[in-house]
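So you can see what is in the structure, the chains are spelled out below.
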Amino acid sequence: MKQEIMTITSQQQLAPRIFQMTLTGELVNEMEKPGQFLHIKVPREDMLLRRPISINQIDKQAKTCTIIYRTEGDGTKVFAELTEGDTLDVMGPLGNGFDVDCLSAGQKAFVIGGGIGIPPMYELSKQLIERQIEVFHFLGYASKEVVYFENEFIALGDTRFATDDGSFGVEGNVGNLLLDALTKEQPDAVYACGANGMLKMVAQVFSDNSNVFLSLEQRMACGMGACYACVCHVPDDETGTKSVKVCDEGPIFRASEVVL
Ligand SMILES: Cc1cc2nc3c(=O)[nH]c(=O)nc-3n(C[C@H](O)[C@H](O)[C@H](O)COP(=O)(O)OP(=O)(O)OC[C@H]3O[C@@H](n4cnc5c(N)ncnc54)[C@H](O)[C@@H]3O)c2cc1C
Ligand code: FES
């Protein structure tokens with residue numbers, strides 16, 4: 001993990017409140033694993049806490065990385081006002097990243113993303129495909145209006161969509177897509193990032209698969225394992241005191257390792 005002032009090389013809006021930003025700097029040399037995140041300082045003196053944002057793409061040759069974020073509060077709104085040439089104080093890469101070594105060439109992976117949990121699944125899918133893993137994408141959004149990055153996933157391989165209101169892909173959540181796919185394909189590993197409800201559903205549907213990897217989202221402060229702001233409970237903990245720190249022990253855990 002290092003810290004650097006990175007330069008924005010592009011920023012564009014993909015959908016309402018959703019932005020894609022590309023950054024350049026030496027820090028890109030440290031970025032290897034999909035699912036890791038950057039801890040980014042908001043360039044405003046009154047905002048001390050960094051904002052965790054997942055790495056969406058790594059391009060070592062161009063020395064760039066891309067993030068995709070949705071404006072939620074003041075911090076992400078400040079990010080959205082930045083333009084090409086502006087700089088950001090970035091710490092990273094942080095977190096453990098997705099385990100891609102558990103699979104070998106020819107095996108199958110289900111890659112599942114919901115809403116603003118979709119961005120890190122793109123770099124994951126690229127790296128799985130490089131390892132000759134057969135990848136199936138299942139992407140869920142609230143509605144057609146907020147669908148983004150759909151063509152990028154289609155370009156990588158088999159991609160199925162669901163929206164809550166049925167305005168794009170099938171109606172409902174990605175669970176419907178998964179049950180349909182399971183009648184034809186059995187994945188050797190399952191990777192998911194999205195809202196807690198979606199992660200719980202994924203853990204349930206694939207309860208007999210030991211390779212289910214879930215990327216958790218917890219509010220964070222230090223991002224480096226020092227403050228315990230981001231803890232998540234573990235199973236078989238009668239005292240209720242055992243926990244894992246999502247920032248440095250995660251954000252990715254096997255489904256059997258955490259209580260959602
Ligand atoms: C590992 C990880 C990866 C993430 N990746 C992405 C991503 O790729 N794209 C994206 O849009 N969002 C992502 N998030 C969520 C993102 O960090 C929050 O939306 C963002 O911090 C909100 O900041 P804000 O100032 O706009 O909102 P505010 O609500 O004003 O933030 C107030 C404080 O709470 C923290 N906070 C608020 N919401 C969250 C949250 N959901 N998770 C963690 N901290 C939060 C902020 O960091 C800040 O310190 C990720 C979160 C985690 C933990
Ligand atoms: S955010 Fe401080 S320990 Fe995780």
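The structure presented is a predicted model; accordingly, all values stated were derived computationally and were not measured.

Chemist: Describe the sheet that holds strand S4 (residues 51–54), with residues and values.
Modeler: Read across the open sheet, the seven strands follow the order S4-S3-S7-S1-S2-S6-S5; overall the sheet is antiparallel. The open sheet is flanked by S4 and strand S5 (57–59), the only strands paired with a single partner. The average angle at which neighbouring strand axes cross in this sheet is 35 degrees, direction not considered. As defined by bridge partners, strand S1 (residues 2–15) adjoins strand S2 (residues 18–24) across seven bridges and the pair is classed as antiparallel.

Chemist: A description of the nonpolar core should follow, citing residues and the corresponding values.
Modeler: The tendency in soluble globular proteins is for nonpolar side chains to be buried as a group. Ranked by internal contacts, the top residues of the largest apolar core, which has 66 residues, are Val111, Ile112, Val190, Tyr191, Ala192, Val202 and Leu214. For this core, the domains that each give at least three residues are domain 1 (2–94) and domain 2 (108–215). With sequence-adjacent residues up to four places away left out, Ile112 is seen in contact with Phe138, Val174, Val190, Tyr191, Ala192 and Val202.

Chemist: Please set out the site of ligand 1 residue by residue, giving values where relevant.
Modeler: With respect to spatial proximity, 21 residues lie near ligand 1, and among them Ser54, Tyr69, Gly73, Gly75 and Thr76 are the closest. Secondary-structure elements contributing two or more residues to the shell around ligand 1 are S4, strand S6 (64–70) and helix H1 (74–81). Here the element with the most residues in the shell around ligand 1 is S4; it accounts for four residues. Each residue belonging to the shell around ligand 1 can be placed in one class, and the counts come to ten nonpolar, five polar and six charged.

Chemist: Quick rundown of the sheet that holds strand S10 (residues 158–163)? Include the residues and the values.
Modeler: Pairing is mixed in the open sheet, where seven strands are placed in the order S11-S10-S9-S8-S12-S13-S16. If you trace the sheet from one side to the other, it starts and ends with strand S11 (170–171) and strand S16 (252–254), each paired once. Relative to strand S9 (residues 134–141), strand S8 (residues 108–114) runs parallel, the two being bridged by seven bridges. Considered in S9, the bridge of Val111 is made with His137. On top of the sheet, helix H4 (residues 174–182) reaches S8, S9, S10 and S11; it is set at about 150 degrees to S9, its chief contact. Lying over the sheet, helix H5 (residues 196–205) contacts S8, S9, strand S12 (189–193) and strand S13 (212–215), oriented at roughly 175 degrees with respect to S13.

Chemist: Mind laying out the domain arrangement of the protein chain, listing which residues take part and the relevant values?
Modeler: Often the size quoted for an interface is simply the accessible area lost on bringing the parts together. On domain assignment, one finds that the protein chain holds domain 1 (2–94) and domain 2 (108–215). Inter-centroid distance (C-alpha atoms) of domain 1 to domain 2 is 24 Å. Taken together, the 13 residues of domain 1 in the interface contact 13 residues of domain 2. Among the elements of the structure, S1, S5 and S6 are those that each provide at least two residues to the side of domain 1 that touches domain 2. Of the residues in the side of domain 1 that touches domain 2, the class split is eight nonpolar, four polar and one charged.

The rules behind each value
- Residues numbered from 1 in each chain as written.
- Chains lettered and ligands numbered in written order.
- Predicted model: local features only at pLDDT ≥ 70, side-chain atom pairs only at ≥ 80, totals over all residues.
- Pairing = 2+ DSSP bridges.
- Helix = DSSP H or I, 4+ residues; strand = E, 2+ residues; numbered from the N terminus.
- Axes fitted to C-alpha atoms, helices over the stretch in contact; angles between N-to-C directions.
- Core = buried A, V, L, I, M, F, W, Y, C linked by C-beta atoms within 7 Å.
- Buried ≥ 20, exposed ≤ 12 C-beta atoms within 10 Å, placed from the backbone.
- Domains from an automatic or database assignment.
- Contact = placed C-beta atoms within 7 Å.
- Near = placed C-beta within 6 Å.
- Nonpolar A, V, L, I, M, F, W, Y, C, P; charged D, E, K, R; others polar.

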